[in-house]
Every structure is written in structure tokens, then in C-alpha cells.
Amino acid sequence: MASLAELTTLQNEALSLIADADDVDALEAARIEWLGRKAGRITALLRSIKSVPADERAEFGEAVNALKALVTEHLARRQSELESGRTKRTSVDVTMPGRRLRLGRIHPIARATREMVEIFGRLGFACVEGPEVEDEWHNFVGLNIPPAHPARDPLDNYYLSDNVLLRSQTSTVQIRIMETQPPPVRVVAPGRVYRPDTVDAGHSNMFHQLEGLWVEEGVTFADLKSVLTTFARAFIGREARTRFLPSYFPFTEPSAEFYFSCLLCGGSGCPACKRTGWMEVGGCGMVDPNVFEAVGYDPEKVTGFAFGFGIDRSAMLKYGIKDIRLLFANDVRFLRQF
Ligand SMILES: [Zn+2]
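Rules used throughout
- Residues numbered from 1 in each chain as written.
- Predicted model: local features only at pLDDT ≥ 70, side-chain atom pairs only at ≥ 80, totals over all residues.
- Helix = DSSP H or I, 4+ residues; strand = E, 2+ residues; numbered from the N terminus.
- Rg over C-alpha atoms; globule rule 2.2 N^0.38 Å.
- Buried ≥ 20, exposed ≤ 12 C-beta atoms within 10 Å, placed from the backbone.
- Contact = placed C-beta atoms within 7 Å.
- Pairing = 2+ DSSP bridges.
- Axes fitted to C-alpha atoms, helices over the stretch in contact; angles between N-to-C directions.
- Parallel < 35°, antiparallel > 145°, perpendicular 65-115°, else oblique.
- Left-handed = near helix turned anticlockwise from the far one by under 90°.
- pLDDT = per-residue confidence, 0-100.
- Core = buried A, V, L, I, M, F, W, Y, C linked by C-beta atoms within 7 Å.

The next point concerns the overall build of the chain. Broken down by element type, the chain carries 12 helices and nine strands. A globule of 338 residues ought to have a C-alpha radius of gyration of about 20 Å, yet the chain, at 39 Å, is considerably larger. Summarising its shape, the C-alpha atoms of the chain cover approximately 125 × 45 × 35 Å along the three principal directions. The buried share of the chain, reckoned over its 338 residues, is 31%. Across the chain, every contact between residues at least 6 apart in sequence was considered, and the portion connecting residues at least 24 apart equals 67%.

Right under this line is the structure:
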């Protein structure tokens, strides 16, 4: 017969075996070892009760039955732990590294857009938006682009129906704003535009523009250059240079293409800047009087300038991205860097 002290030792042995069972099979083996009907160690103790001297039998029997109840309870608890997928019951290891929360990142396009809007905000420009599906009036007619103009070629636009297309430029928002409010107007309008361009390192058929418009009495081309140069220095850095080349757009007169110095190569020439040292960022100019007349402004009274930037190209310059396709590939390994 086992003494009561020995029963305590057996209890510890049984409970630690149960706690160490890593799977259902190990737990079943433990159950058989202790409570098996033929050779279970507690089963054998129960059988031995009747041979215990009568004056000790009650106490011993009570202790063995309590042991059986305890072991049964631990077996059941461990069983449900294993079945619910919890692993070995262990204490918390406070030296383990914590589980790091995966924070999302702001897409480089969104980041560049926010920064641009913020910079222009400091220069007094409000941020407005317009629809991506436009009618010909806002995309072309109001902007002084006549029906025969090559920009209206169906092959160069995503027409949805005769009169409706995906906007090819954010200049549409200029018209929408001037239609709805009298001068003065000082706004920027960021957004997506669509053109059926062949996709390569520098082109995408969907890209982002930021349109700017300032209309007031006495606004001049000097204000335009000042605003865009101030912007370039704030956005790219104090070393940024700007270049304005005469150009033609139907909705501005005079017009200019304007460039930021290429920061990828420091101006010495690289594939991103077509080896010129300059990145063409967008077009700009003084708003054509015909546009003012189309929206009901008096061209004798107000003047203004407009500009349109490629947000994607500016972001590429700023973040050193050499292929525009990376921006739209949705590859987390790329996006995680920003
Ligand atoms: Zn370059």
C-alpha cells in the first residue's frame, strides 16, 4: 500500500505528465497510464483500497478517490486546450520581443499630392476637385480647344460615348470653378487623368496632375514664375532650378512648358530626364481671354495664370524613382520603402 506522502508524489507526476502532453495522442497515453482500466496506476490504487487495514481504509480511500478526481479534471481541461488549438500552458516570457504592428504607408503619389496641396495652401491656394468622367464642354470647348484640334482625336482620348470621356487633363476643373464662382479665384485641383499613351518607364495611360489657377485683377506672368519657382524650391529643395520654354496651349496665351532640374542625375543627364538634365513637369501660361469669355468673366478686367503638373513625375524626381510603372504595380516591397 502507498503512503499518503507517496500519493502526493504520484499526483505531481501525473499532473506534470498531463500538462506536458503536446497533442491528443500524448494525452491519451497519459490517461491510459494513470486511469486505464487494466493497468492504470490510479486504477491499481483503487483496487488496493480493500486490502488496506480497516482503521486506515477510509482515509486512504478518500485520498485515492480525490487523486482520481483531480487527474480526471486535469485530463479534461488539457483535452479542451489541445482541441481549441492552445499549446502548452506556460507562463508568459516577458523577455520575448513583442509582436510588431504592421503599419500601412501612404502611397508616394498620395504623399506627393498632399505635400503639393500643402505648399500651395501656404501660397493661398484652396484645394478643389472635379469629376474624372467629363463632357466635351469642360474637357475641350470651354478650354478653347476647337473640334478640329488634334487633342480631341478619339484615338488620343478614352471616349465613353459621343460627348463623354475620361478627362485627359485636370484643366477641366478650371472651367468648373470659374463657372460657379466670380473672381478672385486661387485654387489647385489634384486628380487622375487618362490618355491612351504607350506605357513605358516615363509614361502611363493613367496618371496624376495637379492643376493650378489664379485669376484676379493685375495677375502677371511674373506671378506665375514666382509661384512655380517657390513651389519647386519648397517641394524638391532649395537647390531646385526651374526652366520655362515657350510653348502653345489653346487655353493659355502666352504659354510655356516648364521644367524642374533633374535631381536624379544632378543635371548631367540620365534616362529619366532623357539625358537633358531637365524633367518636363508641366505646362503653364496666362489664361486665354476666350476661356474667360466662355465662363462669363470679363477679360478686360481680370487676368490670371494656370498651370498643370504631373504629380507622378514630380514624385519620381523627389523620391528617386526611375520607372513610373513601379507607382502603379501595387508591389508592397516597393511601397514599403516610402
Ligand atoms: Zn536626369
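For the rest of this paragraph, the subject is the sheet that holds strand β4 (residues 185-194). In spatial order, the strands read β1-β4-β5-β9-β8-β7-β6; together these seven strands make up an open sheet with mixed pairing. The two strands at the open ends of the sheet, each matched to only one other strand, are β1 (126-127) and β6 (242-249). Strand direction decides the pairing type here: β1 and β4, joined by two bridges, are parallel. Residue Cys127 lies in a different strand from β4, and its bridge partner there is Val188.

Attention shifts here to the packing of helix α5 (residues 108-122) against helix α8 (residues 221-235). The contact between α5 and α8 brings their axes to 10 Å, and the two run at 130°. Relative to α8, α5 is oriented oblique. By crossing handedness, the relation of α5 to α8 is classed as right-handed. Only Phe231, Ala234 and Phe235 of α8 make contact with α5, whose side of the interface consists of Glu115, Met116, Ile119 and Phe120.

Taken residue by residue, the chain gives an average pLDDT of 89. The fraction at 70 or more is 98%. Per-element confidence in the chain is highest for β1, whose mean pLDDT is 96, and lowest for helix α10 (residues 311-319), whose mean pLDDT is 85.

All right, on to the environment of Phe258 then. Secondary-structure assignment places Phe258 in strand β7 (residues 252-261). We classify Phe258 as buried; it has 24 C-beta atoms within 10 Å. Between the C-alpha atoms of Phe258 and Glu239, which are 19 residues apart in sequence, the distance is 16 Å.

If you trace the backbone, Glu83 turns up in helix α4 (residues 54-83). Overall, Glu83 belongs to the exposed group, with 9 C-beta atoms counted inside 10 Å. Counting along the chain gives 59 residues from Glu83 to Val24, while the straight-line C-alpha distance between them is 7.9 Å.

What follows concerns the nonpolar core. Formed by 55 residues in total, the largest nonpolar core has its most connected members in Val215, Leu228, Cys284 and Phe305. Looking at this core element by element, the count peaks at six residues for α8. Cys284 has contacts with Leu224, Leu228, Thr252, Ala256, Phe258, Phe305, Ala306 and Phe307, leaving out every residue within four places of it along the chain. The next biggest cluster of nonpolar side chains, apart from the first, holds 11 residues, and it includes Ala21, Trp34, Leu45 and Val71.

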